Amino acid sequence: GQNIDQPTEMTATEGAIVQINCTYQTSGFNGLFWYQQHAGEAPTFLSYNVLDGLEEKGRFSSFLSRSKGYSYLLLKELQMKDSASYLCAVPAGGSYKLIFGSGTRLLVRP
Amino acid sequence: DARVTQTPRHKVTEMGQEVTMRCQPILGHNTVFWYRQTMMQGLELLAYFRNRAPLDDSGMPKDRFSAEMPDATLATLKIQPSEPRDSAVYFCASGLAGGSGEAFFGQGTRLTVV
C-alpha cells in the first residue's frame, strides 16, 4: 500500500528559505513528484525525482533519498506568490497511478 | 496550447439527480486520472485509465459512480444518484505512461449537491 506524510501547515517570511518534507512508503518505487496548488486552482507540476540527490530548478529544488523514503522541497527567496499548498506524490506500486499526500499549506508573510 | 479541458467548471444539483462530468485529455496522452478533492480528504484517486482501459477504480464508490472513456478524446465521470457528500472539486488529469509519468491537471469541476 501507499503511505505519504507531509506537515499540514508551514509559515515563512518573504525572502527566506523554507524546506517542506515528505516521507513515503511504497512498493516498487517509480519516482516522486512535487506539485504546487494555489487556492481554487488545479495542481501544477514542480519537480520529479527518480534518483537520489538534489534537483535544482531556479528558486525551487527537490531532494530524494530512496533508502530513507524521504524527499524535501526547498523554496528559496520566498515570494508572496509562493503561498500555496505543496503536494508530494508517488506512483503506486511502480505503476503510473499517481497517489498524493495531503499537502502542506505554506503561508508566506511579509 | 495543450491543456486538459473539463466541463462544466461549476455544477449545482439537487440530491438524487444524475451528474456527468467530462474531460478532454491532452492529445497523445495515454493515461487519464479522475481525482476528487475536499478539505478533509485531500486529493483522492477515483479512477485510472491507460489506453482507454480502466486499470484501477478501487477508489470509486461503485454503487453510484462510473467512469468511462468512449474514445481517446473524452473521459466521463458520472454520479447517479448524487448525494450531498459528493460535493467536492473533481479533477481530471492526463499523462504519458513511459515518460516521467507527470500528470497534467484540468481546472476541475466544482460540484455542489444540495
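Residues numbered from 1 in each chain as written. Chains lettered and ligands numbered in written order. Predicted model: local features only at pLDDT ≥ 70, side-chain atom pairs only at ≥ 80, totals over all residues. Heavy atoms only, no water.

1. Re the sheet that holds strand β1 (residues 5-7) of chain B
All names here are of chain B. The test is simple: DSSP bridges decide pairing: two strands pair if at least two such bridges lie between them. Strands are runs of DSSP state E lasting at least 2 residues, helices are runs of H or I lasting at least 4, and numbering of each runs from the N terminus. Helix axes are fitted only over the stretch in contact, all axes being lines through C-alpha atoms; the angle between N-to-C directions runs from 0 to 180 degrees.
The strand order across the open sheet formed by four strands is β1-β3-β8-β7, and the pairing between neighbours is antiparallel. Here the strands that pair on one side only, and so sit at the sheet edges, are β1 and β7 (65-71). The mean inter-strand angle of the sheet, taken between neighbouring strand axes irrespective of direction, is 20°. Judged from the five bridges that link them, strand β3 (residues 19-24) and strand β8 (residues 74-79) form a sheet pairing that is antiparallel. The residue bridging threonine 20 from the neighbouring strand is lysine 78, located in β8.

2. A closer look at the pattern of salt bridges
Opposite charge on two side chains lets them pair, provided their charged atoms get close. Residue and element names in this part refer to chain A. To keep it simple, the criterion reads: Criterion for a salt bridge: a side-chain nitrogen of Lys or Arg within 4 Å of a carboxyl oxygen of Asp or Glu. Working definition: with a 1.4 Å probe on protein chains only, accessible area under 20% of the residue-type maximum means buried, over 50% means exposed, and in between means partly exposed.
Applying the stated criterion across every chain yields a total of ten salt bridges over all chains. Glutamate 9 is the partner of arginine 105 in a salt bridge, and the nearest nitrogen-oxygen pair spans 2.4 Å. Placement of arginine 105 in strand β11 (residues 104-109) and of glutamate 9 in strand β2 (residues 9-13) is noted, with a sequence separation of 96 residues between them. One salt bridge connects glutamate 56 with lysine 76, and the closest N-O pair in it is separated by 3.5 Å. In this pair, glutamate 56 sits in strand β6 (residues 53-57) while lysine 76 sits in the loop between β8 (70-75) and β9 (84-91), placing the two residues 20 residues apart along the sequence. On the accessibility criterion, glutamate 56 (57% relative accessible area) is exposed.

3. Observations regarding the interface of chain B and chain A
This is how it is decided: In what follows, residue pairs with any heavy atoms lying within 4.5 Å of each other are defined as contacts. Two parts placed together each lose some accessible area under a 1.4 Å probe, and the buried area is that loss summed for both. A 3.5 Å cut-off defines polar contacts: any pair of N or O atoms within that distance qualifies, except that in protein one atom must be a possible hydrogen donor and the other a possible acceptor, and neighbouring residues in sequence count only when both atoms are side-chain atoms.
Contacts between chain B and chain A engage 20 residues on the former and 15 residues on the latter. Across the chain B/chain A interface, buried area totals approximately 1,500 Å², and carbon plus sulfur atoms make up 60% of it. Summed over the shared surface of chain B and chain A, the result is one salt bridge. Close ionic contact of A:Lys97 with B:Asp56 constitutes a salt bridge, the shortest N to O distance being 2.3 Å. Along the contact surface separating chain B from chain A lie four residue pairs in polar contact (both at pLDDT 80 or more). For the side of chain B that touches chain A, the secondary-structure elements that each account for two or more residues are β4 (31-38), β5 (42-50) and β10 (103-105) of chain B. By residue number, the principal contributor to the side of chain B that touches chain A is β5(B), which donates four residues.

4. Here's the deal with the state of the cysteines
For clarity, the cut-off: Pairs of cysteine sulfur atoms within 2.5 Å are identified as disulfides in what follows.
By the definition in use, this model includes two disulfides over all chains. The side chain of A:Cys22 participates in a disulfide bridge whose partner is A:Cys88; the two sulfur atoms lie 2.0 Å from each other. Residues A:Cys22 and A:Cys88 share a disulfide whose torsion about the S-S bond is about -65°; that sign makes it left-handed. In this pair, A:Cys22 sits in strand β3 (residues 18-25) while A:Cys88 sits in strand β9, placing the two residues 66 residues apart along the sequence. A:Cys88 shares its class with A:Cys22; the two are buried. Each disulfide pairs two cysteine sulfurs, and for B:Cys23 the partner residue is B:Cys92, the sulfurs being separated by 1.9 Å. What sets the handedness of the B:Cys23 and B:Cys92 disulfide is the S-S torsion sign, and at about -60° it is left-handed. Separated by 69 residues along the polypeptide, B:Cys23 in strand β3 and B:Cys92 in strand β9 (residues 88-95) bring together distant segments of the chain.

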